Each structure stands twice: as structure tokens, then as C-alpha cells.
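Summary of structural features
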Amino acid sequence: PQSFGTTDWCTRGAMAKEAVGEVDLDAIVCLDDMERAAQRVMDRQDFDYFAGGAETESTLRANRAAFSRVTIWPRCMVDVSDVDTTTHVPALGLHNLAAPLLIAPVAMQRAAHPDGECAAARACAAHSIPYCASQQSTTAIEEIGRAGGDAPRMFQLYVLSDREATTKLIRRAESMGATALCITVDAPVLGRRERDVRNRFELKAGLKLANVDAGKNQNKSQDQTGPDKSAVDAKRAQSAIARRIGGRDASLTWDHLRWLRSVTRLPLVLKGIVTYADAARAVKEGVDGVWVSNHGGRQLDGSPATLDALPEVVAGVNGAGGCVVIFDGGVRRGTDALKALALGADLVAVGRPAAWGLACGGERGVGKAVELLTEELRTAMTLAGCGDVRSARNRELVQVVGETPPRSRL
């Protein structure tokens, strides 16, 4: 696991003063700074829950490393006096976005800050960036909707074996103003997240999954006392963690899309697509979008970095007729977002930075994270000669390792 030092310039004199939600945001100049600050103020089990990946965390690391294998080839003598980062994704009901960015669904955000999901939704609304609410939120769907006002939002859904319960979740998502449903398809079971096992992760007292019935044992270890609690072994810890995802339908197939279409008219996005074949099949099945994601490296360890998968997914989508492409995985810089756009993404999502923003400053912290990424993207577009998002979505702007440099026409 990555461990950050505590002697860099950003930490000097801060540790005695800082607490969750009370970091000096003026000292944060990039998202890596924000992660370091979040680590300082969060309890270890909570930081590790958000930061960690599955097993050896090789996919978690690969997501970040993949960006170093893509080179941006800037064009000069282009009018970039008024770079426009705004965009629209009408197929998903998303209009007048300040930038092609969104906050990905992150579970249990109140573990990062007491205001959790509501603070994140308010920050996104204030910055005209879509917020995707997680089914595994620690705040009720309805409260998230009220916090976000009229701002664009989506809802991430796990299809449950209990179809009635799934339908009720969909109805609640519709009522809270979701413009699209993002169906997670890469998590039939929970990946083995060893940081959580070692930490004996449990939700703190007063927190619960607010939108699903995770069973009576959701916080079972909190009721234990004496030697039994201290003797909980790794296997029991993993079982307790896995109970949070009880009820998901591991038999989910393409055939179930027809059932989903029968119960909602919202656009459908499949989240967790990383192959050409699945992307092409998704388009042929009539979905409105595919989300290139490996769950932040938290599911199948050894699966491809999402930036490596993105060109394959885009080729599959385009070859089958096209749909919206959302991308996430390791984005920490505006140049990362620009590379993803150039490789074919319509929207670029970030998840962990929202948790770090919450830990550092609640709503203001998430706002700071969005501002940093948006400003870095604008700077990268300017320096690369991209006057708007459409010109940024240009495959000739980037070179992946192994390719020859692009030689576009004048």
C-alpha cells in the first residue's frame, strides 16, 4: 500500500490543527496534495477503505501508470484565447455541463465526512458537474436528490435477485431526478480487498447503508465485546465485509436488459465494460452508454488498466453504431482527462478525489477538487491547441506507446 510522508511543504505546522473537514484548502494545489491531507486526518480503516484495491492492488497501480504511456502531441498557432470546456451529453439527459467531468459513484461517503453524499451533491451542483449517486450510499436517495437541487445527476444500481426491491430502487431514483441509471456489471461478488480485511473494516456507529437492507449483521461486530471481538479472524472479517453486498444477482446476463427496459424509461449505462466484445454487444442490445471501469482496481486484480481498455471499448462501440462512453480509473490530473477524451471518452469520472475532498473540507473540499481538475483540464487543452471539448476528442492528439507519432493534415 502507498504510504505518504508527513514532512512535505503541505504538512508543515498543519498536523496539530487539522481534523476531518478542517484542512487548509488554500494549501492544496493538486489532487495528490488532497489525498495526502485526507490520509492525515482520516482514521486508517476509513482511508484504506477508499484508497485500497483488490488483493495485490496491481490493477489499482496500473490505472495510474497507464497515463505515462500516452503522449500528448500539441498543435501550435491555434486560437486558444477563449477555451470552452462546456459540453452536453443529451443521450443521458445531461445538459450545460461546465466540463466533461463527473463524480463517480462512491459508497459510504459519510465515512469520509459527516455530510457525506449531500455535501458532494451540493458541490457538484454548484460547479455544474454531474453527480452519480451510489446505491451503497450512507444517505437516502431522496436526501441526495434534495441536496443537489435541479443539477444533473445519475444513479448507480446493482441489480438484486429480488426484482421487487430492485424496481423500488429504480422508482426512488426516478423520483430523485436521476437522468440515467448506471448498472454496475463487474461486481457479481465482492473483490477481496485485503486492507479492509486486515483493518477488520466496519461502519462506525450511527452509519448504515441507507438505501438497501444489508441484513441485521451490517454492523454486527459493533455489538461484540470481550475476547470474541478481538479474536475475529480474517475469514470472518471478509465475510462481514461481503454481507454489505448481499442480494446482488450473480446470474445477471444480457437477457436481463429486457427486464430493465420494461421497468424504466431512463437511459441505461453499463458500468464495468473493458472489452471490445462487451462494448459491441452493449450497443447492439440498445444501451445508451458504456462506462469503462474496473471498479477502481477493487474487483478483479490483474484486469487491464482502464486507459489501456478505452481504445478497445471505443472501437467496439463505434463498430456497432455508437453510444456514450464514460471513463474512470486513476484520473488525478487535467492531462489525464485530456488523454481520455482524446482516446474517445465523452465524460471522464473521478471517485476517490471526491472522498479526499470530503475528508479535507466537506462540500468546500469536493468543490476544490472539481475546481483543480477543471482548471488543469482547461490549461492542458489550451497548451495542446484545443479550443473546445470537440477538438479535444481527437485521436490524432495522442500517441500510445508502440504507435508512431500522429501525422495529421494541415
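Residues numbered from 1 in each chain as written. Predicted model: local features only at pLDDT ≥ 70, side-chain atom pairs only at ≥ 80, totals over all residues. Heavy atoms only, no water.

**Concerning the environment of Val400**
Counted only if it meets this: Secondary structure is summarised from DSSP: a helix means a run of H or I of at least four residues, a strand means a run of E of at least two, and numbering begins at the N terminus for each. Classification of residues uses two cut-offs on accessible area relative to the type maximum, computed with a 1.4 Å probe and protein chains only: under 20% is buried, over 50% is exposed, and between them is partly exposed.
Take Val400: it is sitting in strand E12 (residues 398-400). On the accessibility criterion, Val400 (22% relative accessible area) is partly exposed. Between the C-alpha atoms of Val400 and Ser68, which are 332 residues apart in sequence, the distance is 9.3 Å.

**A word on the packing of aromatic side chains**
Aromatic ring pairs are described here by two measures, namely the spacing of the ring centres and the angle between the planes. Keep this limit in mind: Stacked, tilted and edge-to-face pairs are distinguished by plane angle, under 30 degrees for stacked and over 60 for edge-to-face with tilted covering the rest, among Phe, Tyr and Trp rings (Trp via its six-membered ring) whose centres lie within 6.5 Å. Only Lys NZ and Arg CZ are tested; either one counts as a charge over a ring when it is within 6 Å of the ring centre and within 35 degrees of the ring normal.
For the structure shown, the criterion picks out five aromatic pairs. Ring geometry for Phe47 versus Trp356: centroids 4.8 Å apart, planes at 25°, classification stacked. Linking Phe47 in helix H2 (residues 44-51) with Trp356 in helix H14 (residues 352-384), this pair joins segments that are 309 residues apart in sequence. For the residue pair Phe47 and Trp356, the accessibility class agrees, reading buried in each case. When the centroid spacing of 5.0 Å and the interplanar angle of 20° are considered together, the rings of Tyr49 and Phe201 count as stacked. Here Phe201 lies in the loop between helix H7 (194-199) and helix H8 (227-230) and Tyr49 lies in helix H2, a separation of 152 residues in the sequence. In this structure Phe201 comes out as buried when scored by relative accessible area, which is 7%. Ring-pair connections join several aromatic residues into one group, and the members of that group are Phe47, Tyr49, Phe50, Phe201 and Trp356. Between the NZ or CZ atom of Arg163 and the centre of the ring of Trp259, over which it lies, the distance is 5.1 Å. Looking at Arg298, its charged tip hangs above the ring of Tyr49, at a distance of 4.8 Å from the centre.

**A look at the side chain of Asp33**
As a reminder of what qualifies: As used in this structure description, the phrase polar contact means that two N or O atoms lie within 3.5 Å; if the pair is within protein, one of them must be able to donate a hydrogen and the other to accept it, and residues adjacent in sequence are counted only when both atoms belong to side chains.
Counting through the fold element by element, Asp33 comes out in helix H1 (residues 31-41). Here the side chain of Asp33 touches Val29 through a polar contact of 3.1 Å, landing on its backbone nitrogen.

**Regarding the pairing of strand E8 (residues 268-273)**
To keep things clear, this is the line we draw: Strands are labelled as partners when DSSP assigns at least two bridges between them. By convention, orient the strands away from the viewer: a clockwise path from the first strand over the helix to the second makes the crossover right-handed.
The element E8 is largely enclosed, with a buried count of six among its six residues. Where strand E7 (residues 181-184) meets E8, four bridges bridge the pair, whose relative direction is parallel. Bridge pairing in E8 places Leu181 opposite Leu268. Relative to strand E9 (residues 289-292), E8 runs parallel, the two sharing four bridges. Each residue of the ladder has a partner; that of Ile273, found in E9, is Val292. Viewed along the sheet, the connection from E8 through helix H11 (residues 276-284) into E9 turns out right-handed.

**Description of the packing of H1 against H14**
Rules: Throughout, an axis means a line fitted to C-alpha atoms (over the contacting stretch in the case of helices), and angles, computed between N-to-C directions, take values from 0 to 180 degrees. These descriptions rest on fixed angle ranges, namely under 35 degrees for roughly parallel, over 145 for roughly antiparallel, 65 to 115 for roughly perpendicular, and the rest for oblique. Residue contacts are defined here by distance: any two heavy atoms, one from each residue, within 4.5 Å place the two residues in contact. Each residue receives one of three labels: charged for Asp, Glu, Lys and Arg, nonpolar for Ala, Val, Leu, Ile, Met, Phe, Trp, Tyr, Cys and Pro, and polar for the others, Gly being one of them.
The geometry of H1 relative to H14 is characterised by a closest axis approach of 10 Å and an angle of 175° between their N-to-C directions. The angle between H1 and H14 places the two elements in the roughly antiparallel class. Each of Leu31, Met34, Glu35, Ala37, Ala38 and Val41 in H1 lies in contact with H14, whose residues at this interface are Pro353, Trp356, Gly357, Ala359, Cys360, Gly365, Lys368, Ala369, Leu372 and Leu373. A class-by-class count of the residues in the contact of H1 with H14 yields 12 nonpolar, two polar and two charged.

**A short note on the nonpolar core**
It is characteristic of soluble globular proteins that their nonpolar side chains tend to be buried jointly. Test applied: What is meant by a nonpolar core is a set of buried Ala, Val, Leu, Ile, Met, Phe, Trp, Tyr and Cys residues, joined one to another through side-chain atoms within 4.5 Å.
Of all hydrophobic cores here, the largest spans 103 residues; its most connected members are Leu310 and Phe327. Per-element tally for this core: the top contributor is H14, with 15 residues. Beyond its immediate chain neighbours, meaning those up to four positions away, Phe327 contacts Phe67, Trp291, Val292, Thr306, Leu307, Leu310, Ala340, Ala345, Leu347, Val348 and Ala349. Membership of the second largest hydrophobic core comes to 16 residues, among which are Leu92, Leu102, Met154 and Leu347.

**Some points on the state of the cysteines**
Basically, it comes down to this: Note on disulfides: each one is a pair of cysteine sulfur atoms within 2.5 Å.
Applying the stated criterion to the full structure yields zero disulfides. Considering cysteine sulfurs only, Cys182 is the nearest to Cys132, which forms no disulfide, with 4.0 Å between them. For Cys132, a relative accessible area of 0% gives the class buried.

**Examining the pairing of strand E5 (residues 131-134)**
The side-chain alternation of E5 yields two buried faces, one formed by Tyr131 and Ala133 and the other by Cys132 and Ser134. Each parallel crossover has a hand, and for E5 linked through helix H5 (residues 141-148) to strand E6 (residues 153-157) it is right-handed.

**Examining the pattern of salt bridges**
Quick reminder of the rule: Salt bridges, as used here, are contacts in which a Lys or Arg side-chain nitrogen is within 4 Å of a carboxyl oxygen on Asp or Glu.
If you walk through the whole model with that rule in mind, you get 23 salt bridges. Linking Arg172 and Glu142 is a salt bridge whose minimum nitrogen-to-oxygen distance equals 2.8 Å. Of this pair, Arg172 sits in helix H6 (residues 163-175) while Glu142 sits in helix H5, placing them 30 residues apart in sequence. A salt bridge links Arg192 to Glu194, with the shortest nitrogen-to-oxygen separation between them at 3.9 Å. If you follow the salt bridges from partner to partner, you end up with Arg44, Asp48, Glu57 and Arg195 in one network.

**Points about helix H3 (residues 58-65)**
Definition in use: Comment: arc refers to directions from the helix axis out to C-beta atoms.
Among the residues making up H3, those that are buried are Thr59, Leu60 and Asn63. Taken around the axis of H3, the buried residues stretch over an arc of 110°, which confines them to a single face. The inward-facing, buried residues of H3 abut H2, helix H12 (306-319) and H14.

**Thoughts on the environment of Cys386**
Structurally, the position occupied by Cys386 is in the loop between H14 and helix H15 (389-392). Taking the C-alpha atoms as reference, Cys386 lies 8.5 Å from Pro74; in sequence the two are 312 residues apart. In contact with Cys386, other than residues within four places in its own chain, are Val80, Val83, Met381, Ser391, Ala392 and Leu397.

Read these as spatial facts, not as claims about activity.
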